[in-house]
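# A closer look at the structure
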Amino acid sequence: MKFFVDTADVSDIRDLTELGLIDGVTTNPSLILKSGRDITEVTREICSIVEGPVSAEVTATEFEAMVREGKTLARIAPNICIKLPLTLDGLRACRALTAEGFKTNVTLCFSANQALLAAKAGATFISPFIGRLDDMVMDGMELIREIRQIYDNYGFETEILAASIRTVNHVKEAALIGADVATVPPATIKALVKHPLTDKGLEQFLADWAKTGQTIT
Ligand code: E4P
C-alpha cells in the first residue's frame, strides 16, 4: 500500500519524506487555505521535495475552465496529478486530460457508482472519502470494499486512494480491503508507529542493558 500525506504543510512533508514514509501528497483548497500560502508557490515547493504524485485541485466547475486550470497546475512540475471533483464536468475533464497523458485524481467520491464512472473516465486515482461518510453515520469502509470489488470485477486500473482518513484503524481497514493508496494526515501517519507494549518493552530492555554495564563497540 502506498502512503500519501494529506497536507500542504511543507515542514510536515519534509519530515515525513526524510523518514522515507511517503509516496506522494494530496492537497485541496481547504488545505491550501490552512497553509496560508500561494497555491503555485507552495505546490512547486512540495513537488521539489516529493518525487511521487502531488495532487493539486482545480477550482473551476465548468469543463473548459477545468481543463484550462488543470493544465496550468500541471505546468508547475512533472509529478502534478490534477484533482477534479466528481461532477459530470469533472468526469469529462478527467477523460480529456487523461487522454492527453496527464495524471488525474477524481475527488469527493461518496458512492460506488461515482467510482465506477471515474474509472470509466480513465482516472489515475479515485478518492473515496471515508471520514466524511462516517461523520454522517454511514460506513466509509464499506465504500472502499465495494469499489475494490467493482474494479476487480472489470479489471479497471484506476487506483483506489482511500481519503478523509481520520484514525489509525482507517489505515488498517483500508489496507486489509486492498486500497492501493491511503492519503493520511501527518499526525495519523506518525501515530501508526505507536504501541504501548513497544514503549514498555523498550524501556525494560534499556534498563536491563544499563545493568550489564556493557557498550556496543
Ligand atoms: C483527499 O484528497 C482530501 O484532501 C482529504 O482526504 C479530505 O479529508 P477531510 O475529510 O478530513 O477534510
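Residues numbered from 1 in each chain as written. Predicted model: local features only at pLDDT ≥ 70, side-chain atom pairs only at ≥ 80, totals over all residues.

- The name given to the protein chain in an unreviewed UniProt entry is Probable transaldolase, and the organism recorded there is Roseibium aggregatum.
- Reading the Function (unreviewed entry) entry of the UniProt record for the protein chain gives the comment "Transaldolase is important for the balance of metabolites in the pentose-phosphate pathway."
- Looking at the Subcellular location (unreviewed entry) heading of the UniProt record, one finds this comment for the protein chain: "Cytoplasm". (UniProt positions renumbered as here; feature names shortened; annotations may be inferred.)

### A closer look at the site of the ligand
- In the vicinity of the ligand, the contacting residues are Asp-6, Thr-26, Asn-28, Thr-107, Ser-127, Phe-129, Gly-131, Arg-132, Ala-163, Ser-164 and Thr-183.
- Of the residues belonging to the shell around the ligand, the class tally is 2 nonpolar, 7 polar and 2 charged. (Near = placed C-beta within 6 Å. Nonpolar A, V, L, I, M, F, W, Y, C, P; charged D, E, K, R; others polar.)

### With respect to the UniProt feature "active site" (unreviewed entry) in the protein chain
- Look at the UniProt record and you will see "active site" (unreviewed entry) annotated at Lys-83.
- Checked against the element boundaries, Lys-83 lands in strand E4 (residues 80–85).
- Ignoring sequence-local partners within four residues, the contact set of Lys-83 consists of Ser-55, Ala-56, Glu-57, Val-58, Asn-105 and Thr-107. (Helix = DSSP H or I, 4+ residues; strand = E, 2+ residues; numbered from the N terminus. Contact = placed C-beta atoms within 7 Å.)

### Description of the packing of helix H8 (residues 140–154) against helix H9 (residues 168–177)
- Interaxial distance between H8 and H9 falls to 10 Å at its minimum, and their mutual angle equals 20°. Judged by the inter-axis angle, H8 sits roughly parallel to H9. The two elements H8 and H9 cross, and the hand of that crossing is right-handed. Packed against H8, whose contacting residues are Met-141, Ile-144, Arg-145 and Arg-148, the element H9 presents Glu-173, Ala-174 and Ile-177 at the interface. (Axes fitted to C-alpha atoms, helices over the stretch in contact; angles between N-to-C directions. Parallel < 35°, antiparallel > 145°, perpendicular 65-115°, else oblique. Left-handed = near helix turned anticlockwise from the far one by under 90°.)

### Side note on the packing of helix H1 (residues 10–18) against helix H3 (residues 39–49)
- Contact geometry for H1 and H3: axes closest at 10 Å, N-to-C directions at 5°. Here H1 lies roughly parallel to H3, going by the angle between them. Seen from H1, the contacting residues are Val-10, Ile-13, Arg-14 and Thr-17; seen from H3, they are Val-42, Glu-45, Ile-46 and Ile-49.
- Taken together, the residues that form the contact of H1 with H3 break down as 5 nonpolar, 1 polar and 2 charged.

### Here's the deal with the sheet that holds strand E7 (residues 159–162)
- Here 8 strands make up a closed barrel; going around it, the order is E1-E2-E3-E4-E5-E6-E7-E8 and the pairing parallel. Across the sheet, the axes of successive neighbouring strands diverge by a mean angle of 30°, strand direction being ignored.
- Two elements, strand E3 (residues 54–57) and E4, share 4 bridges in a ladder whose sense is parallel. Each bridged residue has a counterpart across the sheet, and for Val-54 the counterpart in E4 is Ile-80.
- Against the sheet, helix H4 (residues 63–74) touches E3 and E4, its axis set at about 155° to E4. (Pairing = 2+ DSSP bridges.)

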